[in-house]
Amino acid sequence: MSSVDIISLAADNPGGSYVRIVIAGSVYPEAFPNVSDMRRYFRIGKPKDLKGFPFPEIEFETRVDLVVGDDNQHKVIAVLNGEGSVRYYVVGKPGGHMSEKTFTDFGKAADFARRQLSA
């Protein structure tokens, strides 16, 4: 993964299908319905928010590895980078909030998701 990554979240995530961008390790606060809208937003409205990095050409797919909570409140998603390594984020309600924390260990991501239920 690079300094700027586009992460595609499938419709089975809280908040529905959308794309997120991670810039220098931080999840950008805005979500976008598709990459075209995201590209336009950064080209016209917020180019400085890319912190000098080029807009990425690769969109990383995700899969849901764990669902916690009585009404599927939080999900541990795996970001697949095609190189054999996996990075985990926790996505939760309301509206598909994506945690800033990144995990390389599934167990730690699962524990974090479970702790978020009581937060």
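Everything below is about the structure shown above.
Thresholds applied
- Residues numbered from 1 in each chain as written.
- Predicted model: local features only at pLDDT ≥ 70, side-chain atom pairs only at ≥ 80, totals over all residues.
- Heavy atoms only, no water.
- Helix = DSSP H or I, 4+ residues; strand = E, 2+ residues; numbered from the N terminus.
- Contact = heavy atoms within 4.5 Å.
- Areas by Shrake-Rupley, 256 points an atom, 1.4 Å probe, with all protein chains shown as cover.
- Core = buried A, V, L, I, M, F, W, Y, C linked by side-chain atoms within 4.5 Å.
- Buried < 20%, exposed > 50% of the residue type's maximum accessible area, 1.4 Å probe, protein only.

Attention now goes to the overall build of the protein. Across its full length, the protein carries two helices and eight strands. N-terminal to C-terminal, the α/β element order of the protein is β-β-β-α-β-β-β-β-β-α. Put simply, of all contacts in the protein between residues at least 6 apart along the chain, 38% involve residues at least 24 apart. With the model as given, the accessible surface of the protein reaches about 6500 Å², and the carbon-plus-sulfur share is 50%.

For soluble globular proteins, the rule of thumb is that nonpolar side chains tend to be buried together. Residues Val4, Ile6, Val19, Ile21, Ile23, Tyr28, Phe32, Val35, Met38, Phe42, Leu50 and Phe55 constitute the largest nonpolar core, which totals twelve residues. Going through the elements one at a time, strand 1 (4–9), strand 2 (18–23) and helix 1 (35–45) are the ones with two or more residues in this core. Excluding anything up to four places from it in sequence, Val35 contacts Ile6, Val19, Phe55 and Glu59.

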